[in-house]
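# Understanding the architecture of this molecule
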Amino acid sequence: MDVLAKMAESGIVPVVVLENAEDAVPTAKAMLAGGICVMEITFRTAAAADSIRAVAKEVPDMVVGAGTVVNVEQAKLAVECGAKFIVSPGYDEETVVWCCENNIPVTPGCATPTEIMMALKHNLKVVKFFPANVYGGLKALKALSGPFVGLKFIPTGGVSQENLAEFIVAPFIHAVGGSWICPKADIAAHDFEKITRLCRLAHDTAMHA
């Protein structure tokens with residue numbers, strides 16, 4: 001399975017914050033029903049590991065990964081639980097090295113040319129750009145793409161249904177990240193039909209941009 005290709009195919013990598021592992025499987029199924037086949041479950045909560053394990057076991061059509069991974073211990077735990085990729089908010093050398101050595105796709109957060117050059121040393125082709133709205137959005141990404149030909153970005157932070165198409169059409173964008181298609185409140189309220197609608201709307205926008 002080419003995980004990076006799946007991300008590009010999905011167009012959107014939802015950032016999913018789960019407070020309760022029991023909500024993981026229905027959330028994943030709701031996203032699949034809306035055309036989204038990738039999900040990034042963040043390590044911001046105690047339910048993350050169990051949530052990843054549940055989706056990996058019970059929703060095989062969903063490519064589940066771990067987000068907000070800040071050290072190699074979290075990365076190892078996530079992969080043990082079935083995570084197919086690792087996403088970090090910033091650049092951590094130890095985590096990147098471990099992922100590369102174990103053939104785990106990793107997209108570290110890179111907001112500066114220096115961080116991007118560190119990622120390129122490990123032959124990474126895709127990096128996260130976070131928080132995109134704070135670090136200059138599309139304008140900054142266009143400037144960064146100039147010297148780093150062929151590198152693709154996953155901007156996260158400030159991307160929404162309203163500006164999704166604007167991001168997706170840029171040639172240096174691999175996919176976009178965001179939580180607007182799976183709000184914590186809707187997960188907590190078990191409004192999975194709404195999540196499916198939000199996913200379908202975003203997916204359609206991404207595909208037709």
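Right, let's walk through the structure included here. Since the structure is predicted, the reported quantities are computational estimates derived from the model, not experimental observations.

Locating histidine 122 in the fold gives a position in the loop between helix 6 (113-120) and strand 6 (126-129). Taking the relative accessible area as the measure of exposure, histidine 122 reaches 22% and is therefore partly exposed. Remark: the alpha-carbon pair of histidine 122 and methionine 7, spanning 115 residues in sequence, is separated by 20 Å. Beyond its immediate stretch of four places on either side in the chain, histidine 122 contacts Tyr91, Glu93, Val96, Val97 and Cys100.

Residue position: threonine 205 is located in helix 10 (residues 192-208). Each C-alpha atom of the pair threonine 205 and leucine 144 lies 25 Å from the other, and the pair is 61 residues apart in sequence. Filtering out sequence-adjacent residues up to four positions away, threonine 205 remains in contact with Gln161, Leu164 and Ala165. Among the polar contacts made by the side chain of threonine 205, one reaches the side chain of glutamine 161 at a distance of 2.8 Å.

Moving on: unusual backbone geometry. In this structure, the amide linkage connecting phenylalanine 130 to the following residue, proline 131, adopts the cis form with an omega of -15 degrees. With respect to the helices, strands and loops of the structure, proline 131 is situated in the loop between strand 6 and helix 7 (137-145). Phi at asparagine 103 takes a positive value of approximately 55 degrees, unusual for a residue other than glycine. Here asparagine 103 is to be found in the loop between helix 5 (93-101) and strand 5 (106-107). Owing to a relative accessible area of 69%, asparagine 103 belongs among the exposed residues under this scheme.

Right, let's get into the pattern of salt bridges. Two side chains bearing opposite charge may form a pair once their charged atoms approach each other closely. Evaluation of the coordinates by the stated rule reveals four salt bridges. Between glutamate 40 and lysine 128 there is a salt bridge, with the nearest N and O atoms lying 4.0 Å from each other. Taken as a pair, glutamate 40 in strand 2 (residues 38-42) and lysine 128 in strand 6 lie far apart in primary sequence, 88 residues in all. With respect to burial, glutamate 40 and lysine 128 carry one shared label: buried. Between aspartate 186 and lysine 194 there is a salt bridge, with the nearest N and O atoms lying 3.2 Å from each other.

Next up on the list: the layout of surface pockets. In this structure, the largest pocket spans a volume of roughly 180 Å³. If you go around the largest pocket, the residues you meet are Leu4, Cys99, Cys100, Asn103, Ile104, Pro105, Val106, Asn123, Leu124, Lys125 and Val126. Within the lining of the largest pocket, the residues separate by chemical class into eight nonpolar, two polar and one charged.

Right, let's get into empty space enclosed by the protein. Using the criterion set out here, one finds one cavity of 30 Å³ or more in the structure. Of the voids in this model, the largest cavity is the one considered here, and its volume is about 40 Å³. As for the largest cavity, its lining consists of Met7, Val13, Glu40, Val87, Thr107, Lys128, Ile154 and Thr156.

Time to look at helix 10. For helix 10, built from 17 residues, the straight-helix expectation of 24 Å at 1.5 Å per residue is met to within 8% by its first-to-last C-alpha distance of 24 Å. Along helix 10, the residues classified as buried are Phe192, Ile195, Thr196, Cys199, Ala202, His203, Thr205 and Ala206. Check the buried side of helix 10 and you find it contacts helix 1 (3-10), strand 1 (12-16), helix 2 (24-33), helix 8 (164-168) and helix 9 (184-188).

With their axes 8 Å apart at the nearest point, helix 4 (residues 72-80) and helix 5 run at an angle of 35 degrees to one another. Of the residues in helix 5, those touching helix 4 at Val72, Ala75, Lys76 and Val79 are Glu94, Thr95 and Trp98. Considered class by class, the residues forming the contact of helix 4 with helix 5 number four nonpolar, one polar and two charged.

Here is what the cut-offs are and how they apply
Residues numbered from 1 in each chain as written. Predicted model: local features only at pLDDT ≥ 70, side-chain atom pairs only at ≥ 80, totals over all residues. Heavy atoms only, no water. Helix = DSSP H or I, 4+ residues; strand = E, 2+ residues; numbered from the N terminus. Buried < 20%, exposed > 50% of the residue type's maximum accessible area, 1.4 Å probe, protein only. Contact = heavy atoms within 4.5 Å. Polar contact = N/O pair within 3.5 Å; in protein donor to acceptor, adjacent residues only side chain to side chain. Salt bridge = Lys/Arg side-chain N within 4 Å of Asp/Glu carboxyl O. 1 Å grid on protein atoms, 1.4 Å probe; cavity = no way out; pocket = protein on both sides within 12 Å on 5 of 7 lines; lining within 4 Å. Points joined across faces, edges and corners; volume = space filled by probe spheres on them. Nonpolar A, V, L, I, M, F, W, Y, C, P; charged D, E, K, R; others polar. Expected span 1.5 Å × (residues − 1). Axes fitted to C-alpha atoms, helices over the stretch in contact; angles between N-to-C directions.

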